[in-house]
Each structure stands twice: as C-alpha cells, then as structure tokens.
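Observations on the three-dimensional arrangement
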Amino acid sequence: MSTLTVPDQIPSLEEDCEQLHKAFSGWGTNEALIISILAHRNAAQRNLIRQTYAKTYGEDLLKALNKELSNDFEGVVLLWALDPAERDAYLANEATKRQTSNNQVLMEIACTRTPHELLLARQAYHARFKKSLEEDVAHHTTGDFRKLLVPLVSSYRYEGDEVNMALAKTEAKILHEKISSKAYSDEEVIRILSTRSKAQINATLNHYNNDFGHAINKDLKDDPEDEFLALLRATVKCLTRPQLYFEKVVRLAINKLGTDEGALTRVVTTRAEIDLKVIKDEYYRRNSVPLDRAIGKDTHGDYEKMLLELVGQSDA
Amino acid sequence: MALPVEHEALTKAFSGFGVNEKLFISELGRWHSEQRKVFRKRSEQFFIEDERGFERWDHHHVALLEREFLRFKTTLVLWTMHPWERDAGLANEALINGPQSYGVLIEIACTRSSEELLGARRAYHSLFDLSIEEDVASQVDGPERKLLVALVSAYRYEGPSVKEEVAKAEAKILYNAIKNGVSKKPSEDDEVVRILSTRSKLHLKTLFHYYKEISGHNIVVDFDVDMYLKQTVECMYAPQTYFSQVLDAALRDDADEAAKRALIRVIVTRAEVDMKEIKEVYCKLYGVSLSETIEAKAHGNFKDFLLALVEKGQSD
C-alpha cells in the first residue's frame, strides 16, 4: 500500500507552479515549500505540474530543481518528480554506467515492477536514451550476470494467476538438480526465473520447499562471497516477497556506516506510491523501530524532511 | 460419357492448391452415376480397386481434399484476424510443429515492428495464458533456444540514432565469430546473439554495411553456415528477398504442407505492409510475376482471394 498522502483539496496547477516558481526565486531556495507541494502530489499530478510549469515559465521543472537544489535533497526531489517509467529508465541507465554491484538495481527494476510497469520503463528508455534497455544491459554486463540480467529486463511475463501444479513440481525438481550440482547459472535456472509468471514461480518455489525441506535461498548460500549467488537470491526474493527484499535494502542502507543515501532514496521514491506501507510494517517487525524514526536518526536537513514526508509518520 | 479433357481438368481440380469449386459444380455436379463410375475407374490416384468389386476412395486423398477445401477458410480467418492475434497464433503453431517451423518464429520476431511484436506478445498472454518467451524457452530444446528466446523478447529502439563506431566494432565481432565458426557454433556465441537480438534495425543495417567492407561478402552469404542465423540476418537485412524466397518455395510443384501454409502466411501478413516491394523483388528473382504464378498453381475461391490480397493497393 502507498504511503503517499495527498490533501483532499489541492491547489490548482497554476497555483502549484506559481508557488514552486516562487520557491526558486529570490535569495536561496524555499525547500520547505517545495517539499510541501511535491511530496504530496501523485505521479499524474506531478506530470501535469511539470507540463504546466514548462508552458508557463518556458523551463523544465527538473532543470530548475537541478539548478536550485543540491546533494541528497536534490537527488530525492529529482527522482521523486520523475514519472515512474522515466524514473526506472533513469535508474537502469545509471546502473549500466558504473562497474559496481548495480546489477542489483537492474534486477530490482526487472523483477519488482509489474510486467506492464517494466514495459513502460522500456518505452521511456527508448525515448530518453535512444537505445533499448536490453541492448545497454547486454553491452555493459558480462558472463553469468549478463546471462541472467538480459532475459530479466527483456521479460514480459504473463500476469494471470493460473498455475500449472504439475509443471511447478517438475521445475522445482530441475532447480534442485541444477543447484545441487552447483550449476547456478545453468540455462534452465535462468529460463525458469526469467520467463515464468510470478504466480507460477511462487508455486514452483513452494513445491521446492515442500519437496526438499527448505526454501531455495537456503541452497543458494554456498559461498558468501559469490556475487552471482547473492544476485540470484535477491532475484528470488524480488519475485516472491518484494517487500522483504526492500526492507532489507533499506535496513542495510541505514545501518551502513554513513548511510547509503542512493539506496534509501531509490526505495522510498520508487515504492512510496506502491507498497511502502507494507515495507514500513516489515521494517518495524524486523527492527523494532519504526522506519520514520530510523530515517530521522540517520539523516538530516531537507533530505530527511523530504524522505519523512514520503514515508509518512508511524502510527506509534 | 465424360470426356477425357474434363477428367483432366477435374483431376487437376482435385489435387493442388485450393479447389476449383466452379468446376466441380459445373461438371461433377451434373454427371449421372455412369459418368461418375467411369471417372472413378480412370482415376487410380484417387480410387482403389477394392477386392469386393467396387472403386473405393483413397482416404488419404479425401483428407488431402479436405485440407485443400479448408485453405480458403483459413486464409479468410487469418486475414480478418487482428494482427496481434494472428502473429501469436502463428508463433504458437510454429512451436508445436517443431524445429522445421522455428523459422516462423524468427520471421515474426524480426520482420515485425517493435510495437507489432509487443502486441503479439500481449495476444499470446490472452490466447495461451503463457508468455511467448516462456513457451519458446521451455519447448525449444536445441542450441537455437538462446537465439530464439532473445529474438522474441526484443523490444528494439526504432529511432534514428546510431553510433557508427559501435556498429563498426560489432561488425568485426560478427566477422570473427564466423571465422571461428569451426570451434564454436556462431548461433551459440553470446556476442552474436546479443548483437542480433538487442540492437536496433537501423544499427544492424549500418553494421551490415561495415561487415561487407571487412569481409568482402554480404553477411547473408557468410552466415550460410547456420540456418537460424542466416534467416535472422536475411529478415533484417533484406526482408522482401526473404519473403520472395518463401513464396517461391511455396508455389513449387513439390512444395510440402509447411511450405504451402507459408504462402497464406506471407500474403496475409504482408498484404498491407510491403507486398508491393515483395512483388518487385519476386519478379526480379524469378522472372515472372507473383500473380501469374498464383494464377497457375492455385484454384478456385482460394486463388481468387489470394490474388485480391496480392493486388491490394495496386489502385491505391
């Protein structure tokens, strides 16, 4: 469930734009005003604001934000202001640029979005980067990572609830065979995880648990240093229990020495309108501390304020 | 008494592409029992002399006849169908028919626009409760699986932007892959699959141009070693040539059922796309017009319908 709160009566588009424009003008920037508007508008409303702002002031709102804001606050506002599809395209493109373990971000986008959302992201990618997402991912990854990530970002999974139980049992067996012989990047493993519908995968992994006594991720823990295995485990989690996956990302981001603002910003902005409420509940369950309190302790300034507006206050 | 000339016409009408309904009505429909008996006695290819003293229909031939009667209906239904449903159905049929029909998958994946292929994938969800990639991945057994799955999963960029240096570099990669074709099958080469299945068509056209400079040959010639790769490249480099060749194979006297079905498929799917260009290429390659060949080889309503589709747009 979403954590975004939008007032019942919002100002007109023109008023919102005027206020934002005011926030940029004169000495300094009125960050609080920016937060009070943008953090309480949904994707459709933000799109309209951007359009109206451009028509009225002849400048892309994002450009203005980029000029006026800085650091982590700028990061969260810019990412938030984007349309979800554009945001995913932007995040994916950033992830192909660097050498780091941003394979995880690519997998995250490919597996936690609905097939339709992933498609929209791919369309936005064409428009913005003049290339296809899969060609960039293919070009910038290698080996097992490429083997897994290209099919994942290219998938257009069936979205129905129908499940073939016999098939689930068979494919659970295949997965177990391959994993037992440490063939983690075997074509069959990739095939099942990257093409089957989420409902089918869930059924398959339930069978795995039933037939072999424990969840599949337990068998993927062979080598703690193995990055591919880590990605595979995260893939499974994203496909079956995305909120648990996001809770962990947020937990690690906050617990990390100095905080991983990139990850925190990414999760909050991409999930605020989807399931951040569930992630919050998971966070509390796992850490005995409400998420907003943890964010408050770990971040500061306008960055903190913006995050908290998106995350919402805890009921406690 | 029926005349031999009519027998010959009827024999022809009974076998071949479609059925000559008018002839059946005007001739066979008017014969009395003695004339029909003579026909049966003289048509050894259709009737067997039964040991119990009568001429018995060869059931195999009745089945063939049924199939030829159905061609008009098949063409009609396919023509009226939404292109998305059509392509999804053709793809599914190809999968069921097995390796000899995998070329149809390549044809659909490579000659349709990105949006058309996407539409086909949507329709596949509706028709079969599966995604096309999961079906292809689970049904295709051989080394061509990688290529086929990648091709049907593509959502290529379709804009004008091309990076010349990249196209040149990738032309070299393909060239080397063919040179090393002895040690490693090109269709299993990850780089070959990556380039052919993710790059935009414009990028590939540019690449093929550089390829010719490097190799001295047209890429289609060099890729002759692998039939799936060859067809992939043909479909992207010169689709109208590819389609002309398929049509020619379908209209030969010794064409098998698969080749014959290709005639309907190609004409129906290209009638409003590039039939004009296909006709030009066909004429250049074979020295006779497509319409003339269809006139000579097909019969009845089926023939008339095909000609109507082929000549569609002539007056536009």
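The shown structure was predicted, so the numbers you read here are calculated from the model rather than taken from an experiment.

Next up on the list: the pairing of strand S1 (residues 47-50) of chain B. Residues and elements named next belong to chain B. Sheet topology note: the S1/strand S2 (residues 54-57) ladder contains four bridges and is antiparallel. Residue isoleucine 48 lies in a different strand from S2, and its bridge partner there is arginine 56. Here S1 hands over to S2 after three residues, with glycine 53 in that stretch at a positive phi of 90°.

Enumeration according to the criterion identifies 53 salt bridges over all chains in this entry. Linking glutamate 191 of chain B and arginine 146 of chain A is a salt bridge whose minimum nitrogen-to-oxygen distance equals 2.7 Å. With glutamate 191 of chain B in helix H11 (residues 190-198) and arginine 146 of chain A in helix H10 (residues 143-154), the pair connects residues from two separate chains. Taking the relative accessible area as the measure of exposure, glutamate 191 of chain B reaches 22% and is therefore partly exposed. Glutamate 272 of chain B is the partner of lysine 312 of chain B in a salt bridge, and the nearest nitrogen-oxygen pair spans 3.4 Å. Of this pair, lysine 312 of chain B sits in the segment after helix H19 (300-310) while glutamate 272 of chain B is found in the loop between helix H16 (257-270) and helix H17 (275-286), placing the two residues 40 residues apart along the sequence. Linked by salt bridges that have partners in common, Glu171, Glu187, Glu188, Arg191 and Arg196 of chain A together with Glu134 and Arg145 of chain B make up one network.

Before going further, it helps to examine the UniProt feature "binding site: Ca(2+) 1" (unreviewed entry) in chain A. All names here are of chain A. This chain's UniProt record puts "binding site: Ca(2+) 1" (unreviewed entry) on Phe24, Gly26, Gly28, Glu68, Ile254, Lys256, Gly258, Thr299 and Glu304. Across 281 residues in sequence, these annotated residues place their C-alpha atoms as far as 37.7 Å from one another, rather than forming a single compact spot. One can find glycine 26 in the loop between helix H1 (13-24) and helix H2 (31-38). Turning to its location among the elements, glycine 28 is positioned in the loop between H1 and H2. Taking relative accessible area as the criterion, glycine 28 reaches 45% and is therefore assigned partly exposed. Not counting the four nearest positions on each side in its chain, glycine 28 is found in contact with Ala23 and Glu68.

Before going further, it helps to examine the domain arrangement of chain B. What the domain assignment reports for chain B is domain 1 (4-76), domain 2 (83-237) and domain 3 (240-313). If you average the C-alpha positions of domain 1 of chain B and of domain 2 of chain B, the two centres end up 44 Å apart.

Each side of the interface is counted separately: chain B has 28 residues, and chain A has 24 residues. A combined buried area of about 2500 Å² lies between chain B and chain A, and 52% of that area is made up of carbon and sulfur atoms. A per-residue breakdown of the area chain B buries against chain A is headed by Glu134, Tyr155 and Tyr157 of chain B, which together make up 26% of the total. Applying the counting rule to chain B against chain A returns five salt bridges. Of the charged contacts in the structure, one is a salt bridge between arginine 199 of chain B and glutamate 135 of chain A, with a shortest N-O distance of 2.6 Å. Only helix H7 (114-128), helix H8 (132-139), helix H9 (145-153) and H11 of chain B provide two or more residues apiece to the side of chain B that touches chain A. Take the side of chain B that touches chain A: its biggest share by element is five residues, from H7 of chain B. Of the residues that constitute the side of chain B that touches chain A, the class distribution is six nonpolar, seven polar and 15 charged.

A few words on the environment of alanine 258 of chain B. Residues and elements named next belong to chain B. Among the structural elements, alanine 258 can be located in helix H16. Exposure remark for alanine 258: the relative accessible area of 44% places this residue in the partly exposed category. When the C-alpha positions of alanine 258 and serine 101 are compared, they lie 7.7 Å apart, and in sequence the two are 157 residues distant.

Moving on, we come to the packing of aromatic side chains. Residue and element names in this part refer to chain B. Going through the model one piece at a time under the given rule, you end up with 18 aromatic pairs over all chains. Look at phenylalanine 47 and tryptophan 57: their rings are 4.3 Å apart centre to centre, the planes differ by 40°, and that puts the pair in the tilted class. One end of the pair, phenylalanine 47, is in strand S1; the other, tryptophan 57, is in strand S2, with ten residues separating them in the sequence. Taken together, the ring pairs connect Trp31, Phe39, Phe46, Phe47 and Trp57 into an aromatic cluster.

Cut-offs applied
Residues numbered from 1 in each chain as written. Chains lettered and ligands numbered in written order. Predicted model: local features only at pLDDT ≥ 70, side-chain atom pairs only at ≥ 80, totals over all residues. Heavy atoms only, no water. Pairing = 2+ DSSP bridges. Helix = DSSP H or I, 4+ residues; strand = E, 2+ residues; numbered from the N terminus. Salt bridge = Lys/Arg side-chain N within 4 Å of Asp/Glu carboxyl O. Buried < 20%, exposed > 50% of the residue type's maximum accessible area, 1.4 Å probe, protein only. UniProt positions renumbered as here; feature names shortened; annotations may be inferred. Contact = heavy atoms within 4.5 Å. Domains from an automatic or database assignment. Buried area = accessible area lost by both parts, 1.4 Å probe. Nonpolar A, V, L, I, M, F, W, Y, C, P; charged D, E, K, R; others polar. Phe/Tyr/Trp six-rings, centres within 6.5 Å; stacked < 30°, edge-to-face > 60°.

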